[in-house]
Amino acid sequence: MKAIEVKEMRKTMSMFVFEFKLFFRNVINLIFVMFFPSSMILLFGSIFGNEPSELFGGYGTVDVSVPAYICMIAAVTGLMSLPITLCTYRQNKVLKRLRATTLSPANIIGTQFAVNFLMTIIGIGLLVVVALAVFCVRLRGSIVTVALLSLLVICCIFSIGLLIASVFKSAKTATAVANIVYFPMIFLSGATIPFEIMPDAVQKGASILPLTHAVIVLKSAWLNMPFEEYYVSFIILLAILVVCSVLSVICFKWE
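Residues numbered from 1 in each chain as written. Predicted model: local features only at pLDDT ≥ 70, side-chain atom pairs only at ≥ 80, totals over all residues. Heavy atoms only, no water.

Right, let's talk about the overall build of the chain for a bit. Along its length, the chain carries ten helices and zero strands. Starting at the N terminus and walking to the C terminus, you meet the elements of the chain as α-α-α-α-α-α-α-α-α-α. A compact globule built from 255 residues would reach a C-alpha radius of gyration of about 18 Å, and the chain, at 19 Å, matches this within 12%. On the principal axes, the C-alpha backbone points of the chain span a range of 60 × 35 × 30 Å. Sequence separation of at least 24 residues holds for 79% of the intrachain contacts in the chain that already meet a minimum separation of 6. As presented, the chain carries roughly 12,600 Å² of accessible surface, and 72% of it is formed by carbon and sulfur atoms. (Helix = DSSP H or I, 4+ residues; strand = E, 2+ residues; numbered from the N terminus. Rg over C-alpha atoms; globule rule 2.2 N^0.38 Å. Contact = heavy atoms within 4.5 Å. Areas by Shrake-Rupley, 256 points an atom, 1.4 Å probe, with all protein chains shown as cover.)

All right, on to helix α7 (residues 171–188) then. Here α7 is 18 residues long and its end C-alpha atoms lie 26 Å apart, about the 26 Å a rise of 1.5 Å per residue gives. Looking at α7, one finds that the buried residues are A171, A174, V177, A178, Y182, M185 and I186. The buried side chains of α7 occupy one side of the element, clustering within an arc of 145° when seen end-on. Of the exposed residues in α7, the ones pointing more than 90 degrees away from its buried face are K172 and I180. Packed against the buried residues of α7 are α3 (61–91), α6 (143–167) and α9 (210–222). A positive backbone phi angle near 95° is found at G190, which sits one or two residues after α7. (Expected span 1.5 Å × (residues − 1). Buried < 20%, exposed > 50% of the residue type's maximum accessible area, 1.4 Å probe, protein only. Arc of directions from axis to C-beta.)

Moving on, we come to the packing of aromatic side chains. Within the structure shown, the criterion is met by ten aromatic pairs. By the ring-pair criterion, three or more aromatic residues cluster together here, those being F227, Y230, Y231 and F234. (Phe/Tyr/Trp six-rings, centres within 6.5 Å; stacked < 30°, edge-to-face > 60°.)

Right, let's talk about the packing of α3 against α9 for a bit. Orientation of α3 relative to α9, taken along the N-to-C sense of each, is 140°, at an axis distance of 9 Å. Of the possible angle classes, the one that applies to α3 and α9 is oblique. Note on packing geometry: the crossing formed by α3 with α9 is right-handed. Contacts between α3 and α9 involve D63, V64, V66, P67, A68, I70, C71 and A75 from the first element and L211, A214, V215, L218, K219 and W222 from the second. (Axes fitted to C-alpha atoms, helices over the stretch in contact; angles between N-to-C directions. Parallel < 35°, antiparallel > 145°, perpendicular 65-115°, else oblique. Left-handed = near helix turned anticlockwise from the far one by under 90°.)

So, in structure tokens, the structure goes:
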């Protein structure tokens, strides 16, 4: 029995390494996960600096941008890379062939999740290192709280991506839907453009976007704001995670 388990583990690890290498061949995803957020920090940090600003409640531009860009990285992997890869595999009958092997569905989906999760963590790490080294960014909250809420944000966004991959069969349709979901959230949620400078009407409209609540939760935890100020967004993220996860399991198709 142990020999079989070891064999299965080796197969899973081999698949993980293979998918990890494939990720680096997707230049667009690689740029937006690894380099674009750090470039944004360097650009806006060099323009506005990181001095306390009344616009950001006494915090610096970089201080409020880092948690927002963490959400952007999660959106790239969770809403673009993950669902499009799975739908491409389904369309090209890769999932059907993998299902015929001894690998379980959990192995296959779990490997995709793990690869994109790892790339998200690497992208976040690079972003934080650049912000620390160049602008001495300040984490005012608890590192444990920020880490746990980052995990919640990543899993929530990934669950939306898995739902897209489960509902739409073809890669073309999934790509179109992923773009429709991704771009409004990226530009209206505060993940790229500071939420504080947006008109009130846009802020109210953006409150329906999951990524907006992700930015609110992470930014609040990063700046050590009391939980009472962001508990509604926290509950919304939890609800989205549960609902999308359940629906993705129910709707998922191998062919």
